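Here is what each chain is made of, one letter per residue.
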Amino acid sequence: MPLIDVQQITKVYQLGDVSVKALCAISLKIENGEFIAIMGPSGSGKSTFMNIIGCLDKPTSGRYLFDGSDVGSLGRDELAAIRNKKIGFVFQGFNLLPRTSALENVELPMLYNGVTARERMQRAMSSLKSVGLEGRERHFSNQLSGGQQQRVAVARALVNNAPVILADEPTGNLDTKTSAEIMELFTKLNAEANITIILITHEADIAGYSRRIIKFRDGCIINDERGKNI
Amino acid sequence: MINIPSTLKISFRALRVNKMRSALTMLGIIIGVSAVIAMLAVGKGASQKIADQIASIGSNLLIILPGSTSAGGVRMGAGTQPTLTMGDTEAILREAPAVADVAPDHGGVAQVVYGNQNWATGIRGTTPNFLNVREWQLASGRVFTEQEVKSGAKVCLLGQTVVDNLFGDIDPIGQIVRIKKVPFTVIGVLAPKGQSLTGADQDDIILVPITVAQRQLFGTPFPGMVRIIHVKAKSSEDLPDAERQITQLLRQRHRIGPKQENDFTVRNLTQVMQAREESQRVTSLLLGAIASVSLIVGGIGIMNIMLVSVTERTREIGIRMAVGARTWDIRLQFIIEALTLSLIGGMIGIIIGVGGSKMFSVFAEWPTIISPFYVVLAFCFSGLVGIFFGFYPAYKASLLDPIDALRYE
Ligand SMILES: Nc1ncnc2c1ncn2[C@@H]1O[C@H](COP(=O)(O)OP(=O)(O)OP(=O)(O)O)[C@@H](O)[C@H]1O
Ligand SMILES: [Mg+2]
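Reading the values: rules and limits
- Residues numbered from 1 in each chain as written.
- Chains lettered and ligands numbered in written order.
- Predicted model: local features only at pLDDT ≥ 70, side-chain atom pairs only at ≥ 80, totals over all residues.
- Heavy atoms only, no water.
- Helix = DSSP H or I, 4+ residues; strand = E, 2+ residues; numbered from the N terminus.
- Rg over C-alpha atoms; globule rule 2.2 N^0.38 Å.
- Contact = heavy atoms within 4.5 Å.
- Lys, Arg positive; Asp, Glu negative; His and termini not counted.
- Charge placed at Lys NZ, Arg CZ, Asp CG, Glu CD.
- Polar contact = N/O pair within 3.5 Å; in protein donor to acceptor, adjacent residues only side chain to side chain.
- Core = buried A, V, L, I, M, F, W, Y, C linked by side-chain atoms within 4.5 Å.
- Buried < 20%, exposed > 50% of the residue type's maximum accessible area, 1.4 Å probe, protein only.
- Buried area = accessible area lost by both parts, 1.4 Å probe.
- Nonpolar A, V, L, I, M, F, W, Y, C, P; charged D, E, K, R; others polar.
- Domains from an automatic or database assignment.
- Disulfide = S-S within 2.5 Å.
- Pairing = 2+ DSSP bridges.
- Axes fitted to C-alpha atoms, helices over the stretch in contact; angles between N-to-C directions.
- Patch = residues over 30% accessible without salt bridge, like charges linked within 9 Å, V, L, I, M, F, W, Y side chains within 5 Å.
- Areas by Shrake-Rupley, 256 points an atom, 1.4 Å probe, with all protein chains shown as cover.
- Salt bridge = Lys/Arg side-chain N within 4 Å of Asp/Glu carboxyl O.
- Donors = N, O, S within 2.8 Å, 3.2 Å for Na, K, Ca; no water.
- Parallel < 35°, antiparallel > 145°, perpendicular 65-115°, else oblique.
- Left-handed = near helix turned anticlockwise from the far one by under 90°.
- Expected span 1.5 Å × (residues − 1).
- Near = heavy atom within 4 Å.

(A) Quick look at the overall build of chain B. Of the regular secondary structure elements, chain B holds 13 helices and 10 strands. Its C-alpha radius of gyration of 33 Å places chain B more than 25% over the 22 Å reference for a compact globule of 409 residues. Each of the three principal axes of chain B carries a C-alpha extent, and together these read 105 × 55 × 35 Å. Considering only contacts within chain B whose residues lie at least 6 apart along the sequence, 77% involve residues at least 24 apart. Charge centroids of chain B, computed over 38 positive and 31 negative side chains, lie 4 Å from each other.

(B) Broad picture of the environment of His230 of chain B. Residues and elements named next belong to chain B. Residue position: His230 is located in strand β9 (residues 228-233). Taking the C-alpha atoms as reference points, His230 and Arg134, 96 residues apart in sequence, are found 8.1 Å from one another. Setting aside chain neighbours within four positions, we find His230 in contact with Leu62, Ile63, Asp101, Val102, Ala103, Asp105, Arg124, Phe130, Val133 and Arg134. Side chain to side chain, His230 and Asp105 meet in a polar contact 2.8 Å long.

(C) Examining the nonpolar core more closely. Of all hydrophobic cores here, the largest spans 69 residues; its most connected members are Ile4, Val6, Phe49, Ile53, Tyr64 and Ile198 of chain A. With 7 residues, helix α2 (residues 19-57) of chain B is the single largest residue contributor to this core. Excluding its chain neighbours within four sequence positions, the residues that come into contact with Ile53 of chain A are Ile4, Val6, Tyr64, Phe66, Ile87, Leu166 and Ile198 of chain A.

(D) Molecular detail of the interface of chain B and chain A. With 27 residues of chain B in contact, the opposing surface of chain A contributes 25 residues. In total, chain B and chain A occlude about 2300 Å² of area from one another, counting both sides; carbon and sulfur atoms represent 54% of this. The largest share of the area that chain B buries against chain A comes from Ile319, Val323 and Ile403 of chain B, three residues that together contribute 23% of it. Summed over the shared surface of chain B and chain A, the number is 11 residue pairs in polar contact (both at pLDDT 80 or more). Looking at the side of chain B that touches chain A, the elements with two or more residues in it are α1 (4-17), α10 (314-322), α11 (327-364) and α13 (402-407) of chain B. Here the side of chain B that touches chain A gets 6 residues from one element, more than from any other, and that element is α10 of chain B. A per-class count over the side of chain B that touches chain A returns 13 nonpolar, 6 polar and 8 charged.

(E) Structural view of the domain arrangement of chain B. Here chain B is partitioned into domain 1 (4-53 + 275-407) and domain 2 (82-262). Taken over C-alpha atoms, the centre of domain 1 of chain B sits 56 Å from the centre of domain 2 of chain B.

(F) Structural context of the state of the cysteines. All names here are of chain A. For the structure shown, the criterion picks out 1 disulfide over all chains. In this model, Cys24 is linked to Cys220 through a disulfide, with the two sulfur atoms separated by 1.8 Å. A residue pair is termed long-range when its members are at least 10 positions apart, and Cys24 in strand β2 (residues 18-30) and Cys220 in strand β10 (residues 220-226) qualify at 196 residues. With relative accessibility at 19%, the residue Cys24 sits in the buried group.

(G) Examining the sheet that holds strand β4 (residues 61-66) of chain A more closely. All names here are of chain A. As summarised here, the arrangement of the 4 strands in space is β2-β1-β4-β5, forming an open sheet in which the pairing is antiparallel. Each edge of the open sheet is held by one strand with a lone partner, namely β2 and β5 (69-70). Here 5 bridges tie strand β1 (residues 4-15) to β4, and the two strands are oriented antiparallel to one another. Opposite Asp5, over in β4, you have Leu65 as the bridge partner. Against the sheet, helix α1 (residues 46-53) contacts β1, β2 and β4, and its axis sits at roughly 120° relative to β1.

(H) A nonpolar patch on the surface, seen in detail. Residues and elements named next belong to chain B. Taken together, the side chains of Trp328, Phe391, Tyr392, Tyr395 and Leu399 define a hydrophobic patch exposed on the protein surface, amounting to about 480 Å² of accessible area. Of all the elements, helix α12 (residues 372-398) adds the most residues to the nonpolar patch, at 3 residues. Counting through the fold element by element, Leu399 comes out in the loop between α12 and α13. Judged by relative accessible area, which is 42%, Leu399 ranks as partly exposed.

(I) Expanded view of the pairing of strand β2 (residues 99-114) of chain B. Strand direction decides the pairing type here: β2 of chain B and β9 of chain B, joined by 6 bridges, are antiparallel. Across the sheet, Asp105 of chain B pairs through a bridge with Ile228 of chain B, a residue of β9 of chain B.

(J) Molecular detail of the coordination of the magnesium ion (ligand 2). All names here are of chain A. Within the protein, Ser47 (OG) and Gln92 (OE1) serve as the donor atoms for the magnesium ion (ligand 2), at 1.9 to 2.3 Å. Taken as a pair, Ser47 in helix α1 and Gln92 in the loop between β6 (87-90) and α3 (102-111) lie far apart in primary sequence, 45 residues in all. Given a relative accessible area of 42%, Gln92 falls into the partly exposed group.

(K) Up close: the packing of α2 of chain B against α12 of chain B. All names here are of chain B. One can describe the packing of α2 onto α12 by two numbers: an axis separation of 10 Å at closest approach and a directional angle of 155°. One way to sum up the angle between α2 and α12 is to call them roughly antiparallel. When you trace α2 past α12, the crossing you get is right-handed. Residue-level inspection shows Ile29, Val33, Val36, Ile37, Leu40 and Lys44 of α2 in contact with α12, the latter providing Tyr374, Val375, Ala378, Ser382 and Val385.

(L) Examining helix α5 (residues 146-158) of chain A more closely. Here α5 of chain A contains 13 residues, and its C-alpha end-to-end distance of 19 Å stays within 8% of the 18 Å for a straight helix at 1.5 Å per residue. For α5 of chain A, every residue scored as buried is listed here: Gly147, Gln148, Gln150, Arg151, Val152, Ala153, Val154, Ala155, Arg156, Ala157 and Leu158 of chain A. Of the surrounding secondary structure, the elements contacted by the buried residues of α5 of chain A are β6, α3, α4 (117-130), β7 (164-168) and α6 (176-193) of chain A together with α10 of chain B.

(M) Expanded view of the site of ligand 1. The environment of ligand 1 is made up of 15 residues, and the closest members are Ser42, Lys46, Ser47, Thr48 and Gln92 of chain A. In this structure ligand 1 sits where residues from chains A and B come together. Within the backbone of Ser44 of chain A, an N or O atom sits 3.2 Å from an oxygen atom of ligand 1. Between ligand 1 and Thr48 of chain A there is a distance of 2.5 Å, counted from an oxygen atom to a side-chain nitrogen or oxygen.

If you want it as structure tokens, here you go:
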């Protein structure tokens, strides 16, 4: 059974009289433990697709099965539970809480699954350490640089040990060295913990870490290459 | 499993971020709670004051005044025509079975002199029964006897205020005072009673034998006339009987025909004051109810601010939902925020309400009684207001679509 099974999903945004077709009947299967890079020009529907498979957004039509269950038939709280336990999401715009420390931002997902305060703190600290933000735990999110904010967002996505990481341009604001560190981290998680990694990137060398590259254009998949690399 | 401690922490933080706004929002609840508490405290103080006064005039008390209450629809005013006599007094005690004791009362205001001190006070000529009827105790000395009343002995009992003004620290017993230039020997001092219902000082009084008051101090249009008759019924159940028996007896004695008006008035003081106490109680509850309306207005203020807050924090709500906050996580967060506002407001309101009542007591010399029950009630009510008015904004927040909320600018 595929972990992610997308069947003929479309997404149409209605802006007044104009309808923007962001996704055109996409079908895709992703197995547990895959490491995928999604590429494509700006506006090609990558984020839209990511939001749908991340159970944040719903497709206009089509069916989406996550881990065997039809996402379209799940209620709000069931979806929230999936987002909390099964998926770690790194947003393109980071989406950190303002006026809140890096530590508390990383603790946030654990507020909603009954982790004790002490364990929350420990896990958040080690997650921040793994993205190289040791010593920045008490900084407010708006006191951090763009790259640091991005790494807080990555730390937050990792902290619940979710089996799937969805990352929308997780290295977009990072220099080559930090990018490489983050990608090493993803590679390690994928190899050692069999965590499924799906990330969006514009850079070929970042995509190079993955084992499958899916290319989008105008809301459609134009290329799906496997087995390159490693 | 909802994480209450962290939800509390989040709420506190959100309130701290907008200190001024939180404070202003609380103000409504603060005013509401302190008004409820102060109103009830002042009201309860007032009823207590009346209850004390009822106790101080003596229980089961009737007073009989000369003159009719109403004559052909026109109120003549009780006490205008002298119609009551010592004979009436004795007859009531003898012939009205529901009556326990009777005391006549004839007097007026006069100047009292002791040494070089002088003081104008109310002089009441009466019999020893007066103390029993009005449930008045002696602080020191003795009461004049029936014999002294008969013989017209020039002896007197002083109220505490008179003692304070004429004697200071000197023991008045055995001293001579002059009332309207007539010398009287002080034989006793009355125990203090405090203010009457009208605020008059009940201790500003001198009691003398009625015979002396009638013959030497104030005079009478005819012998044996008295101004007021004080009657004590056997019990509060006997009050209506006593009133009826007295009315019947006096109509007979005064030869009043069946079509004629009474030439006297019987007043049930206890009843009058109990009615007053009851109406005071109702008034204070009413004031409390009006004050609680301001609590509700405060609640609407909370709802208003919470709605603004939900809109402002749409993105935050989106982020929380995106990382797994469920419907009730979001709802509770905002309800707890509203509850925190209202309970802190309630607590400050209690402090101000209690403090304000105490200050009012001191400055207005009006007793206030703070009932812990009402304090707890006001506090719980403010909490309820918080939950009630916090629910709708919280409900609205919980229904946001995660992706729309994330995109909200
Ligand atoms: N909320 C929205 N309302 C209307 N149109 C939208 C909305 N979100 C996305 N779109 C449109 O859908 C299309 C796909 O957008 P999407 O964000 O998925 O692009 P993307 O591939 O992630 O681009 P980028 O690489 O710049 O992030 C775009 O044409 C965009 O204008
Ligand atoms: Mg995008």
